[in-house]
Amino acid sequence: MRRNPIFVSLMLLAACSQGSERIYAVEEFVADAELLTHTISECRDNPGELRNTPNCRNAEAADGKLRLQNMRKALGG
């Protein structure tokens with residue numbers, strides 16, 4: 001009998017907890033410039049909390065990759 005109220009309260013706590021943020025891959029950031037710009041902006045506005053999150057690291061990697069691609073195109077390569 002006691003298990004039922006405990007189970008219900010645990011289910012309510014689980015339902016109210018904040019869901020995890022979707023983690024985007026580097027390729028997804030490269031393909032979606034708007035998402036990349038938005039994420040980098042958020043990461044740079046709050047580096048103390050967000051700097052080492054997977055999305056910020058992937059966005060920075062995608063930004064670096066795009067910069068290298070643009071430099072290669074500019075140099076004719």
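Basis of the calculations
- Residues numbered from 1 in each chain as written.
- Predicted model: local features only at pLDDT ≥ 70, side-chain atom pairs only at ≥ 80, totals over all residues.
- Heavy atoms only, no water.
- Salt bridge = Lys/Arg side-chain N within 4 Å of Asp/Glu carboxyl O.
- Core = buried A, V, L, I, M, F, W, Y, C linked by side-chain atoms within 4.5 Å.
- Buried < 20%, exposed > 50% of the residue type's maximum accessible area, 1.4 Å probe, protein only.
- Helix = DSSP H or I, 4+ residues; strand = E, 2+ residues; numbered from the N terminus.
- Contact = heavy atoms within 4.5 Å.
- Expected span 1.5 Å × (residues − 1).
- Axes fitted to C-alpha atoms, helices over the stretch in contact; angles between N-to-C directions.
- Parallel < 35°, antiparallel > 145°, perpendicular 65-115°, else oblique.
- Left-handed = near helix turned anticlockwise from the far one by under 90°.
- Arc of directions from axis to C-beta.

A. Representation of the pattern of salt bridges. Here the structure, examined in full by the defined rule, presents four salt bridges. Here Glu 28 and Arg 22 are joined by a salt bridge, their closest N and O atoms 2.9 Å apart. In this structure, a network of salt bridges that share partners links the residues Arg 44, Glu 60, Asp 63 and Arg 67.

B. Layout of the nonpolar core. Ranked by size, the top nonpolar core spans seven residues in total: Val 26, Phe 29, Leu 35, Leu 36, Ile 40, Ala 59 and Ala 62. At the level of secondary structure, the elements contributing two or more residues to this core comprise helix H2 (26-31), helix H3 (33-45) and helix H5 (54-74). At three residues, H3 tops the list of elements feeding residues into this core.

C. Highlighting the side chain of Thr 39. With respect to the element layout, Thr 39 can be found in helix H3. Taking relative accessible area as the criterion, Thr 39 reaches 8% and is therefore assigned buried. Filtering out sequence-adjacent residues up to four positions away, Thr 39 remains in contact with Phe 29, Asn 55 and Ala 59.

D. Representation of H5 within the structure. End to end, H5 covers 30 Å across 21 residues, agreeing with the expected 30 Å (1.5 Å per residue, within 8%). Close packing links the buried residues of H5 with H2, H3 and helix H4 (47-50). Remark: Gly 76 follows H5 within two positions and exhibits a positive phi of approximately 85 degrees.

E. Looking closely at the packing of H3 against H5. Their axes nearest at 9 Å, the elements H3 and H5 cross at an angle of 120 degrees. Taken together, the axes of H3 and H5 lie oblique to each other. In this structure, H3 meets H5 at a crossing whose hand is left-handed. Along its contact with H3, which presents Leu 36, Thr 39, Ile 40, Cys 43 and Arg 44, the element H5 presents Asn 55, Cys 56, Ala 59, Glu 60, Ala 62, Asp 63 and Leu 66.

F. Structural context of H3. For H3, built from 13 residues, the straight-helix expectation of 18 Å at 1.5 Å per residue is met to within 8% by its first-to-last C-alpha distance of 18 Å. All of the buried residues in H3 are Leu 35, Leu 36, Thr 39, Ile 40 and Cys 43. Projected down its long axis, H3 carries its buried residues within an arc of 120 degrees, all on one side. What points out from H3, more than 90 degrees from its buried face, is the exposed set Ala 33, Glu 34, Thr 37 and Asp 45. Close packing links the buried residues of H3 with H2, H4 and H5.

Just distances and angles here, no functional claims.
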